[in-house]
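# Report on the structure
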2 protein chains.
Amino acid sequence: MSRRNQHSRDQLRELAITSLRRLVLERGVDKLSVREVARRLGYAPGMIYHLFENLDDLILHANAVTLDQLLAGIDAVDLDDPRRALAAMAGQYLDLARERGPLWQLLFRHRMAAAAPVPEWYQHRTEALFTRLQRPLAKLAPRADAQQRALAAATLWSAVHGICALYVDDKLDVAGERDPRRLLDNLLEHYLAGWLAGNEAAE
Amino acid sequence: MSRRNQHSRDQLRELAITSLRRLVLERGVDKLSVREVARRLGYAPGMIYHLFENLDDLILHANAVTLDQLLAGIDAVDLDDPRRALAAMAGQYLDLARERGPLWQLLFRHRMAAAAPVPEWYQHRTEALFTRLQRPLAKLAPRADAQQRALAAATLWSAVHGICALYVDDKLDVAGERDPRRLLDNLLEHYLAGWLAGNEAAE
């Protein structure tokens, strides 16, 4: 227990988050426990409960790191052309699913225990991602109202998510198409063409 | 063990499939075992291995029942209008995900052990579903070639799958839209409009 004095509380929190993320990558999303995170750090499980409310809270913090990395990746691209920007975002999402599948799954498979609300600091991150997604849509259709843009962003995200989920679960070949990028391109090309035509017609 | 004489081999296979399907609905997709199916039927586990090659084989047969029910549901609708037919198919898929979530998940979360190939009798069922999906597309764009139709069917299925998956995992509210039907309608409306315009322009 002497290690406890070597690290500040913030450092310990970071160590625990990193340890959980490694555990997810090694064992998948279904075998997570506070006990195992503590064991890997050389602490008693009670120590983790001094740092986080519960396993849910620790998982949310691990997910926040994933969302921050996704946001940073998206911001690093920053393309002027809105279609290329949307394609790049879909590509980043696919890369996350492909290269760090279990961490990507943890974003979705985890549910708050006892219907506890998702805390605000976490919501800010998911909102930031949707803001990024709506920017190119606003550029493409400047007169589309905020509600139309929000619905298009939600539809596109869900659709891209489906392509990535089936790819990660090795099920795309059921549809006779093994390349997720062809599906992403096809989705964006036709959805955006239809969405733009609909918004222009309404003006 | 005297029960063995009461049932034919086919009846026993059906009992085992039904038992596994109930087990999935009760416990989810991650806690399936030949041992538990056998226990529920009052047989030794070895008995199941007389009926099925292994757990994978039993799961495929349980999934085949789900696919048959989905096919029957789709065939019962049989709408002339291709847009309404596609919307009805998406609705059936959503109903399956919503009402029998674990059985729907079992279709995707299950992987063949040791990369064994998916057997032909099972592939026929998934192909039948894609044939159903391509029919309304052929009606909408009679001159689109088979490859374009197949790609559109794969894209639409993946996209619909994503909306249903996020809905079942209770994550749609992240996108600010809790109603999966609004997303399905929005997807079909704009994707089909763009896809049709693209195919007409190419003619």
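Note that the coordinates shown come from a computational prediction; the quantities given were computed from them, not determined experimentally.

### Describing the packing of helix H4 (residues 55–77) of chain A against helix H7 (residues 120–140) of chain A
Between two packed helices, what matters for the description is the angle formed by their axes and the separation of those axes. Residue and element names in this part refer to chain A. Closest axis-to-axis distance for the H4/H7 pair is 10 Å, and the angle between their directions is 25°. Classified by the angle their axes make, H4 and H7 are roughly parallel. Note on packing geometry: the crossing formed by H4 with H7 is left-handed. In contact with Asp-57, Leu-60, His-61, Asn-63, Ala-64, Leu-67, Asp-68, Leu-70, Leu-71, Ile-74 and Asp-75 of H4, H7 contributes Trp-121, Tyr-122, Arg-125, Thr-126, Ala-128, Leu-129 and Arg-132. A breakdown of the residues in the contact of H4 with H7 according to their chemical character gives ten nonpolar, three polar and five charged.

### A look at the environment of Phe-52 of chain B
All names here are of chain B. Mapped onto the fold, Phe-52 is located in the loop between helix H3 (45–51) and helix H4 (55–77). Residue Phe-52 is classed as buried on the basis of its relative accessible area of 2%. Between the C-alpha atoms of Phe-52 and Ala-16, which are 36 residues apart in sequence, the distance is 9.3 Å.

### As for the interface of chain B and chain A
Every contact between the two is made by 36 residues of chain B and, on the other side, 36 residues of chain A. Both sides together, the interface formed by chain B and chain A hides about 3300 Å², and carbon and sulfur atoms give 65% of it. When the area that chain B buries against chain A is broken down by residue, the three leading residues are Leu-151, Leu-166 and His-190 of chain B, summing to 16%. The tally of links between chain B and chain A comes to zero salt bridges.

### Some remarks on the relation of the copies chain B and chain A
Of the transformation superimposing chain B on chain A, the axial component is 0.0 Å and the angular component is 180°, with the fit at an RMSD of 0.0 Å. Overall, the copies show the geometry of a two-fold rotation axis. Here 100% of the interface residues in chain B have copies in chain A that are interface residues too; the copies meet face to matching face.

### Some remarks on the pattern of salt bridges
What the rule picks out here adds up to 22 salt bridges over all chains. Here Arg-27 of chain B ties to Glu-36 of chain B by a salt bridge, and the two come within 3.3 Å at their closest N and O atoms. The shortest N-O distance in the salt bridge between Glu-36 of chain B and Arg-40 of chain B comes to 2.9 Å. A residue pair is termed a helical-turn pair when its members lie 3 or 4 positions apart in one helix, as Glu-36 of chain B and Arg-40 of chain B do in helix H2 (residues 34–41) at four residues. When its relative accessible area of 29% is taken as the criterion, Arg-40 of chain B is described as partly exposed. Here the salt bridges do not stand alone but share partners, grouping Glu-26, Arg-27, Glu-36, Arg-39 and Arg-40 of chain A into one network.

### Structural notes on empty space enclosed by the protein
A complete count under the given rule lists one cavity of 30 Å³ or more for this structure. As a volume, the largest cavity reaches approximately 210 Å³. Every element with two or more residues in the lining of the largest cavity is listed here: helix H6 (101–109) and helix H8 (146–168) of chain A together with helix H6 (101–109) and helix H8 (146–168) of chain B. For the lining of the largest cavity, the per-class residue count stands at seven nonpolar, four polar and four charged.

### Side note on the packing of aromatic side chains
All names here are of chain B. Scanning all chains against the criterion turns up twelve aromatic pairs over all chains. Ring centres of Tyr-93 and Trp-104 lie 5.9 Å apart, and the angle between their planes is 85°; this geometry places the pair in the edge-to-face category. Of this pair, Tyr-93 sits in helix H5 (residues 82–99) while Trp-104 sits in helix H6; the two residues are eleven residues apart in sequence, bridging distant segments of the chain. Each member of the pair, Tyr-93 as well as Trp-104, is classed as buried.

Calculation criteria
- Residues numbered from 1 in each chain as written.
- Chains lettered and ligands numbered in written order.
- Predicted model: local features only at pLDDT ≥ 70, side-chain atom pairs only at ≥ 80, totals over all residues.
- Heavy atoms only, no water.
- Axes fitted to C-alpha atoms, helices over the stretch in contact; angles between N-to-C directions.
- Helix = DSSP H or I, 4+ residues; strand = E, 2+ residues; numbered from the N terminus.
- Parallel < 35°, antiparallel > 145°, perpendicular 65-115°, else oblique.
- Left-handed = near helix turned anticlockwise from the far one by under 90°.
- Contact = heavy atoms within 4.5 Å.
- Nonpolar A, V, L, I, M, F, W, Y, C, P; charged D, E, K, R; others polar.
- Buried < 20%, exposed > 50% of the residue type's maximum accessible area, 1.4 Å probe, protein only.
- Buried area = accessible area lost by both parts, 1.4 Å probe.
- Salt bridge = Lys/Arg side-chain N within 4 Å of Asp/Glu carboxyl O.
- Least-squares fit on C-alpha atoms with pLDDT ≥ 70 in both.
- 1 Å grid on protein atoms, 1.4 Å probe; cavity = no way out; pocket = protein on both sides within 12 Å on 5 of 7 lines; lining within 4 Å.
- Points joined across faces, edges and corners; volume = space filled by probe spheres on them.
- Phe/Tyr/Trp six-rings, centres within 6.5 Å; stacked < 30°, edge-to-face > 60°.

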